[in-house]
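Okay, here's what each chain looks like letter by letter:
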Amino acid sequence: MNISHELKDDSVVLLNITLSSENIKEQVADQLKHLRKTAEMPGFRPGKTPASLIEKKYGQAVRFRVINEMTSEEIRHYLKEQGLQTVGGLIMEQDDNTYTPEQTDYKLQVSAGLMPDFPEKIDSSVTLPYYTVQTNDEEIDQMILNAQESAGERTEVEDVQEKDVLYVSAQELDDKGEHAAEGITLEESYIMPLYVTNEEIRAEILKAHKGDTLTIDLHKAYDGNEVEIASFLQIKQEEVHEHKNPFEIKINRILRNNPSPIDEKLYKLMLGPTTEVSSEEELRSELKRLQGERNDAMANDIFTTVASKYLVEKIQGLPFPDKHLALLIGDKTEEETQEAYDERVNKILPYVRYQSMLATLNKQLGVEVSNELVRKIVREGVMRQIQSAGLGQLLSNDELVESIVNSTMEKNDEQLFSAKEQAKEQAFAAKVKELVTLDEQKPLTVKELYEVHAELQKKINNFLGFGDQEPAEEPAEKEA
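Throughout this document, residue positions are counted from 1 along each chain, in the order its sequence is written. In view of the model being predicted, local features appear only for residues whose pLDDT reaches at least 70, and side-chain atom pairs are presented and counted only at 80 or more, with totals across whole chains, interfaces and linings using the full set of residues. Side-chain metrics in this entry use all non-hydrogen atoms of the structure; hydrogen atoms and water are not considered.

### A word on the packing of helix 8 (residues 280-314) against helix 10 (residues 338-364)
Here's step 1: All axes are obtained by fitting lines to C-alpha atoms, using only the stretch in contact for helices, and the reported angles, taken between N-to-C directions, cover 0 to 180 degrees. Numbering of helices and strands runs from the N terminus; a helix is a DSSP stretch of H or I covering at least four residues, while a strand is a stretch of E covering at least two. It is at 10 Å that the axes of helix 8 and helix 10 come closest, and there the two elements cross at 110°. The pairing of helix 8 with helix 10 is recorded here as roughly perpendicular in orientation. For the pair helix 8 and helix 10, the contacting residues are S308, L311 and V312 in the first and Y354, M357, L358 and L361 in the second.
Here's step 2: In terms of residue class, the contact of helix 8 with helix 10 is built from six nonpolar, one polar and no charged. The scheme is simple: roughly parallel for angles under 35 degrees, roughly antiparallel for over 145, roughly perpendicular for 65 to 115, oblique for anything else. Note on definitions: a residue-residue contact is assigned when non-hydrogen atoms from the two residues lie within 4.5 Å. Under the scheme applied here, ten amino acids are nonpolar (Ala, Val, Leu, Ile, Met, Phe, Trp, Tyr, Cys and Pro), four are charged (Asp, Glu, Lys and Arg), and all others, including Gly, are polar.

### Topic: the pattern of salt bridges
Here's step 1: The salt bridge criterion pairs a side-chain nitrogen of Lys or Arg with a carboxyl oxygen of Asp or Glu, the two atoms within 4 Å. Following the criterion strictly, the structure yields 25 salt bridges and no others.
Here's step 2: Taking the shortest distance from any N to any O, the salt bridge between R202 and E162 comes out at 3.7 Å. Residue R202 is found in helix 4 (residues 199-206), and its partner E162 is found in the loop between strand 6 (153-156) and strand 7 (165-172); the two are separated by 40 residues along the sequence.
Here's step 3: Between D322 and R353 there is a salt bridge whose closest N-O contact spans 2.9 Å. Of this pair, D322 sits in helix 9 (residues 322-325) while R353 is found in helix 10, placing the two residues 31 residues apart along the sequence.
Here's step 4: When salt bridges that share partners are traced, they join D141, E280 and R284 into one network.

### With respect to unusual backbone geometry
Here's step 1: The phi torsion at Y99 lies on the positive side, around 60°, for a residue other than glycine.
Here's step 2: For Y99, the location among the structural elements is in the loop between strand 3 (86-95) and strand 4 (105-114).
Here's step 3: A positive phi angle, close to 50°, is found at D223, a residue other than glycine.
Here's step 4: Its place among the elements puts D223 in the loop between helix 5 (218-221) and helix 6 (226-233).

Printed below as a string of structure tokens:
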């Protein structure tokens, strides 16, 4: 077999292939012999069909398949030897062969898409912004306070404070201030003064005691918030406008949460049952360490977005071989019109260009995307799914989490594909971080970091043709 090449343009190379029937003779004979043993043809027992009939029915297809397999392998070797960096699938440009027994020489012309060169060397001459998160002692104070509240015990009291829960009965009044005959009557509902938005009414509630009766305009108390009013009245939100009159509300019970002391019980609640922390000072030190780990993870995550934006900006306008890249997207389905298929391909191509260049740069920079990194990303996704399903209590069940992770790794479905794509980006960003000059920005709050991330992701989405889609994920925020 002989292969030579010529450049068609900046993005395509033509491969001219010649081979003789001698090159394929042995493989063709073996495959036809195998078909003779297994083929079922009318009038003949398996294995007894004349070779001439097998040749007539299968010969051309067998020669085509053998030549296709043989040339595909040789093309890969040739491209590697010639140092031609290609991407996408191969396209048959010319094939005038008959694939009959009489043909002795075969000529093919195949095109391959050339990967364009990245426009600059990724080294210290490149400067990229690096965002970090502020350390925040107030955040640690709030974490401890929240944990104390969560672990506290409720006791019944006589007076009212802002964070108390008031269990009340309620009766709707009519226009004369009397009990409405057809009005809502509630045996029990509850009010938290903290969430009453009208200051005057909240002040009135805070002066009350167990057993007191108040007349409250709920629409005024909650500034017309129909969700809050519907929750108190235990009705549908769309029914709220039918109940504009005030309500007579009697305070039957007042429960106050007494925060838990900062003790061993709290340490285990915040840090897990195996923690060895034994003092408030050690607790704060450990929370600060965990906060630092979280902040470092968030900084790395947003730098991954910075690196992705850098890459996607730099490849704009490069001569990609789109026809060859389109072969990676998949064939037209039976349900699709040609117009719909072309639209789908054109929509996905910018992302395929980006992923192709990402894979090429990772290879050039010697970046390895480890299975451990993919597994870590899958695990983080599983834990987010559990949390968003309101099953946070299951996060401490390592056996359950690991079983879901193992199942996801084995399924090889869209979730695993997405994790692998993210792993490529993270591994690339980690290498870029080592090579370029980092322009360290003023430390941001977590909220500010989210805003920067959203803006960066929006720009990436626009470059990739995803419009104003929301970012798929926020930078990782690990709870201490």
